[in-house]
Amino acid sequence: MSYKDTLDTLRQTGNFRTIPHGGVNGEIVDLSLNDYLGLATRKDLQAEFFGNEENRRIAMTSSAARLLAADQEQYSLLEERLQSLYGGKKALLFNSGYHANTGLISALASEKGTLIVADKLVHASMIDGIVLSKAPFQRFIHNDFNRLESILKKEHERWERIIVAVESVYSMDGDRTSLDALIDLKKRYGNVMLYVDEAHAFGALGKRGLGLCAEHDDFEDIDVTVGTFGKACASSGAFAVMNAELRDYAINRSRSFIFSTALPPMSCAWTRFMIDTFTEMEEERRHLHELGRRIAEAAGFTESRYIVPVIAGSAAKAIEMSKKLLERGFKVLPIRTPTVPPGTERIRISLNAAMSDAQADSFIKALDEIRE
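Let me sum up the structure you'll find in this document. The structure displayed is predicted, hence computed values, not measured ones.

## Re the pattern of salt bridges
Any two side chains of opposite charge can pair, so long as their charged atoms come close to each other.
Link 1 in the chain: Enumeration according to the criterion identifies 25 salt bridges in this entry.
Link 2 in the chain: Measuring nitrogen to oxygen at the nearest pair gives 2.0 Å for the salt bridge that ties Arg 305 to Glu 303.
Link 3 in the chain: Residues Glu 369 and Arg 328 are paired through a salt bridge, measuring 2.7 Å at the closest nitrogen-oxygen approach. In this pair, Glu 369 is assigned in helix α14 (residues 357-370) and Arg 328 in the loop between α13 (315-327) and β10 (330-331), connecting sequence segments 41 residues apart.
Link 4 in the chain: Of the residues examined, Glu 369 reaches a relative accessible area of 29% and is grouped as partly exposed.
Link 5 in the chain: Connected through shared salt-bridge partners, Lys 4, Asp 8 and Arg 11 make up one network.

Right under this line is the structure:
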């Protein structure tokens, strides 16, 4: 098939994508971003950060990969801050969540004797990391821990290690994994490594916004925890926390870390500032989860979630629902194949703590109208 044929097929099925132009005017409530705490547009925080003359002097570029960069100060300060928040576990920075997952999984699973077992709904970046590793892998039905156990029971004696890869909060459905079930399985099958992506939990969930893993009594049993700075943290980049041995291994074997120009030092300083800000924002998190309770209930869910999917069933229907919401003052984008499986096309409501109760009332009314 030619490139043109492929593009024509995408257009005919409603799956052709274009990069949007322009911003959102002040009359539109944007529910398409992952800005869960509403920090991305906080001009007061930008003014406070840049009001410090020392911050204005920080370099805007690293000009080299991390292993070659001459100035390591801002990277070290951020990693040390993360280490202090995560009980002494070692932190390593990456340029994005995609870099973290493709680099770490492909490196950790490249050792002989490794099997990967992943939840069916993990991020594309995790799947790409698995493919790059060339390790054998299996997938289990989403959040079906009985199925996961049946795989572990059958396979654990055949492999030196089994990496179990999940997300704590799933990006397209907004539901959560069970850390209790995962840690119990790890304890019963001693060669299991737990790899948990907290991209959509960091900043928005857990004590001080550190996600679900850090507040668990058995946090030490979670081998790798990944978080991103580009969502609730309103910055850019990503990190992983793990023990010292795994960190050293990642530095020496993770290609996305070794061969990427490092994040700008200025970005790392801003991230540290934002972490120190959001760890104190318990009221914003409380408000976010109350919004999640109300809007998830309106969408037919029994539990609170701040990522709320409304299944349309086709690309055309998802586009139509998105258009109708925009006409009512709310930007909610359609999610189509291949991001989600065919037949589960949807609109994805991404809530943020800057949304007022009155706006939530109006949105629930709009959602009812477009679903009639």
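## Some words on the sheet that holds strand β9 (residues 307-311)
The strands that make up a sheet pair up through hydrogen bonds in the backbone, lying either parallel or antiparallel.
Link 1 in the chain: If you walk across this open sheet you meet the three strands as β9-β12-β11, and the pairing is antiparallel. At either end of the open sheet lies a strand with only one pairing partner, and these are β9 and β11 (334-335).
Link 2 in the chain: Of the pairings in the sheet, the one linking β11 to strand β12 (residues 346-350) comprises two bridges and is antiparallel in character. In the sheet register, Pro 334 faces β12, and the bridge partner there is Ile 347.

## Here we look at the sheet that holds strand β7 (residues 224-228)
Link 1 in the chain: Spatial strand order, β2-β8-β7-β6-β5-β3-β4: seven strands in an open sheet with mixed pairing. Of all the strands in the sheet, the pair left with one neighbour each is β2 (90-94) and β4 (137-140). Sheet twist, expressed as the average angle between the axes of neighbouring strands with direction ignored, equals 20°.
Link 2 in the chain: Helix α9 (residues 244-253) rests against β2, β6 (192-197), β7 and β8 (238-242) of the sheet, and its axis sits at about 25° to β2.

## Considerations on the side chain of His 200
Link 1 in the chain: With respect to the element layout, His 200 can be found in the loop between β6 and β7.
Link 2 in the chain: A distance of 2.6 Å separates a polar atom in the side chain of His 200 from a polar atom in the side chain of Tyr 36.
Link 3 in the chain: His 200 has contacts with Asn 34, Tyr 36, His 123, Val 169, Ser 171, Lys 231, Tyr 306, Ile 307 and Arg 348, leaving out every residue within four places of it along the chain.

## Things to note about the nonpolar core
Inside soluble globular proteins, nonpolar side chains tend to come together where they are buried.
Link 1 in the chain: If you look at the biggest cluster of nonpolar residues, it comprises 115 residues, and the most contacted ones within it are Tyr 306, Ile 349, Leu 351 and Phe 363.
Link 2 in the chain: Tallying contributions element by element places helix α11 (residues 265-278) first for this core, with eight residues.

## Here we look at the packing of aromatic side chains
Link 1 in the chain: One pass over the full model with this rule turns up 14 aromatic pairs.
Link 2 in the chain: Taking 5.8 Å as the distance between ring centres and 50° as the angle between the ring planes, the aromatic pair formed by Tyr 86 and Phe 239 counts as tilted. Taken together, the positions of Tyr 86 in the loop between α4 (73-85) and β2 and Phe 239 in strand β8 put the pair 153 residues apart, joining distant regions of the chain. Side by side, Tyr 86 and Phe 239 carry an identical accessibility label, which is buried.
Link 3 in the chain: Across the ring face of Phe 219, the terminal group of Lys 89 is positioned such that the distance to the ring centre comes to 3.9 Å.

## Some thoughts on α14
Helical geometry note: an α-helix holds 3.6 residues per turn, so side chains three or four residues apart project in the same direction.
Link 1 in the chain: Taking 1.5 Å as the rise per residue, α14 with 14 residues should run 20 Å; its terminal C-alpha atoms sit 20 Å apart, in good agreement.
Link 2 in the chain: Looking at α14, one finds that the buried residues are Ala 360, Phe 363, Ile 364, Ala 366, Leu 367 and Ile 370. End-on, the buried residues of α14 take up no more than an arc of 165°, which puts them together on one face.
Link 3 in the chain: Packed against the buried residues of α14 are α12 (282-298), β9, α13, β10 and β12.

## As for the packing of helix α5 (residues 97-108) against helix α6 (residues 124-133)
Link 1 in the chain: At a minimum axis distance of 7 Å, the contact between α5 and α6 shows a crossing angle of 30°. When the axes of α5 and α6 are compared, the pair comes out roughly parallel. Viewed along their axes, α5 and α6 form a crossing whose handedness is right-handed. Across the interface between the two elements, Gly 97, Tyr 98, Asn 101, Thr 102, Ile 105 and Ser 106 from α5 touch Ser 125, Met 126, Asp 128, Gly 129, Ile 130, Leu 132 and Ser 133 from α6.
Link 2 in the chain: Of the residues belonging to the contact of α5 with α6, the class tally is five nonpolar, seven polar and one charged.

## What about the environment of Leu 37?
Link 1 in the chain: Mapped onto the elements of the fold, Leu 37 is located in the loop between β1 (29-30) and α2 (43-50).
Link 2 in the chain: Residue classification places Leu 37 among the buried residues on the basis of a relative accessible area of 3%.
Link 3 in the chain: Expressed as a C-alpha distance, the spacing of Leu 37 and Leu 104, which sit 67 residues apart in the sequence, is 28 Å.
Link 4 in the chain: Those residues in contact with Leu 37 that lie beyond four places of it in its chain are Gly 203, Ala 232, Phe 278, Glu 284, Arg 285 and Ala 353.

## Observations concerning unusual backbone geometry
Link 1 in the chain: Following Thr 337, the chain continues to Pro 338 via a peptide bond in cis, the omega torsion being 10°.
Link 2 in the chain: Looking at the secondary structure, you find Pro 338 in the loop between β11 and β12.
Link 3 in the chain: You will see that Ser 63, though not glycine, has its phi angle at about 65°, which is positive.
Link 4 in the chain: With respect to the helices and strands, the residue Ser 63 is situated in the loop between α3 (53-56) and α4.
Link 5 in the chain: In this structure Ser 63 comes out as exposed when scored by relative accessible area, which is 60%.
Link 6 in the chain: Phi at Arg 208 takes a positive value of approximately 60°, unusual for a residue other than glycine.

## A short note on the packing of α5 against α9
Link 1 in the chain: Contact geometry for α5 and α9: axes closest at 10 Å, N-to-C directions at 105°. Taken as axis vectors, α5 and α9 run roughly perpendicular relative to one another. Taking contact as the criterion, the partners of Leu 104, Ala 107 and Leu 108 in α5 are, on α9, Leu 246, Tyr 249, Ala 250 and Arg 253.
Link 2 in the chain: Along the lines of polarity and charge, the residues of the contact of α5 with α9 split into six nonpolar, no polar and one charged.

The rules behind each value
Residues numbered from 1 in each chain as written. Predicted model: local features only at pLDDT ≥ 70, side-chain atom pairs only at ≥ 80, totals over all residues. Heavy atoms only, no water. Salt bridge = Lys/Arg side-chain N within 4 Å of Asp/Glu carboxyl O. Helix = DSSP H or I, 4+ residues; strand = E, 2+ residues; numbered from the N terminus. Buried < 20%, exposed > 50% of the residue type's maximum accessible area, 1.4 Å probe, protein only. Pairing = 2+ DSSP bridges. Axes fitted to C-alpha atoms, helices over the stretch in contact; angles between N-to-C directions. Contact = heavy atoms within 4.5 Å. Polar contact = N/O pair within 3.5 Å; in protein donor to acceptor, adjacent residues only side chain to side chain. Core = buried A, V, L, I, M, F, W, Y, C linked by side-chain atoms within 4.5 Å. Phe/Tyr/Trp six-rings, centres within 6.5 Å; stacked < 30°, edge-to-face > 60°. Lys NZ or Arg CZ within 6 Å of the ring centre and 35° of its normal. Expected span 1.5 Å × (residues − 1). Arc of directions from axis to C-beta. Parallel < 35°, antiparallel > 145°, perpendicular 65-115°, else oblique. Left-handed = near helix turned anticlockwise from the far one by under 90°. Nonpolar A, V, L, I, M, F, W, Y, C, P; charged D, E, K, R; others polar.

Structural measurements only, silent on function.
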